[in-house]
Amino acid sequence: MATVRGTVVDQTNSTTAGVKVRLAPIDGSSPSINVACANQGRFEFPDVTPRWYILSVGENEAFLETVRVIHVVDGSTEVGDIDIRLGIIYEGPTAINSVPVLTVCEALARPAAFNQGNVVIVGIFKSGMDETLRLDCPTQLTTGEVGWPSSIGLTRPSNPPDYLREEIEKKRQEILKSGPPGAQPRPERVVALFGLFVALEGLTVAPCCSTPIETVLPPARLFGIGEKDLRVIL
């Protein structure tokens, strides 16, 4: 077994005591482990099974959630300082004429551009342990050696406004024509959903799919307007 230790640092000098830190296996094979930072932002996970994990910091409305991938081995693993930054305070729906309509690939190609803003996402609906919109994209989000799937998790999103219907249909047709002949997605599975887009901090974009390790956890989430719980890794 192993112990994982580190320090959460906030560049604005806000207190980091009590900020949530989570350790989740990259394959989703077991529930995440949760701790809260002590004074000066220190945290510790005792009795951790050695394997690859995603360390997630900032489960708090005040902070954007930051991730780091770590390989835990027997003994003590020190992850050092992890910077977090204040999130954008959400104060209500975006002006109705400024809501972008994006495919999953467009949203994940530039997640920082849309982070914590209202968007309409058009994608192929997938259900399972975690309902998602998913596409195969030419790029993928990565964290170190770990690649994230081309998917957006869903937390009670809404139907998009009617005035965007024409633009949404254009995106739907792009997706319906995107598959190889005879293997295009079924029309009823290509849907448009409206909500607050939240992506993890600590991600970079790389050509798909070049990373040696893959996680099953969605790198971004679409929340219903007004949701207060902006957790991404469940």
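Check the entry above for the structure.
Every chain is numbered on its own, with residues counted from 1 as its sequence reads. For a predicted model such as this one, the threshold for reporting local features is a pLDDT of at least 70, and the threshold for listing and counting side-chain atom pairs is 80 or more; totals across whole chains, interfaces and linings nevertheless cover every residue. Only hydrogens and water are set aside; all other atoms, that is, all heavy atoms of the structure, feed into the side-chain values.

A.B. asks: Account for the pattern of salt bridges, naming residues and giving values.
C.D. replies: What makes a salt bridge here is a side-chain nitrogen of Lys or Arg within 4 Å of a carboxyl oxygen of Asp or Glu, nothing more. Under the defined criterion, the tally for this structure stands at 6 salt bridges. The salt bridge involving glutamate 78 is made with arginine 42; its shortest N-O contact spans 3.4 Å. Of this pair, glutamate 78 sits in strand 7 (residues 75-84) while arginine 42 sits in strand 4 (residues 42-48); the two residues are 36 residues apart in sequence, bridging distant segments of the chain. Given a relative accessible area of 47%, glutamate 78 falls into the partly exposed group. Between glutamate 188 and arginine 186 there is a salt bridge, and its shortest N-O distance comes to 2.8 Å. Under the scheme applied here, a residue whose accessible area is under 20% of the maximum for its type counts as buried, over 50% as exposed, and between as partly exposed, the area being computed with a 1.4 Å probe on protein chains only. Among the residues examined, glutamate 188 registers a relative accessible area of 53% and is labelled exposed. Working definition: helices are DSSP H or I runs of at least four residues, strands are E runs of at least two. Numbering for both runs from the N terminus.

A.B. asks: Give me the sheet that holds strand 3 (residues 33-36): which residues, what numbers.
C.D. replies: The antiparallel open sheet is built from 4 strands, whose spatial order is 3-2-5-6. Across the chains shown, the open sheet's two edge strands, defined by having one partner strand only, are strand 3 and strand 6 (66-72). For this sheet, the mean inter-axis angle between neighbouring strands, taken without regard to orientation, is 25°. Sheet analysis places strand 2 (residues 20-25) next to strand 5 (residues 51-57), joined by 5 bridges and oriented antiparallel. The partner of leucine 23 across the bridge, within strand 5, is leucine 55. For two strands to pair, DSSP has to find at least two bridges joining them. Here, axes are lines fitted to C-alpha atoms. For helices the fit covers the stretch in contact, and angles between N-to-C directions go from 0 to 180 degrees.

Scope: geometric values only; no functional claims are made or implied.
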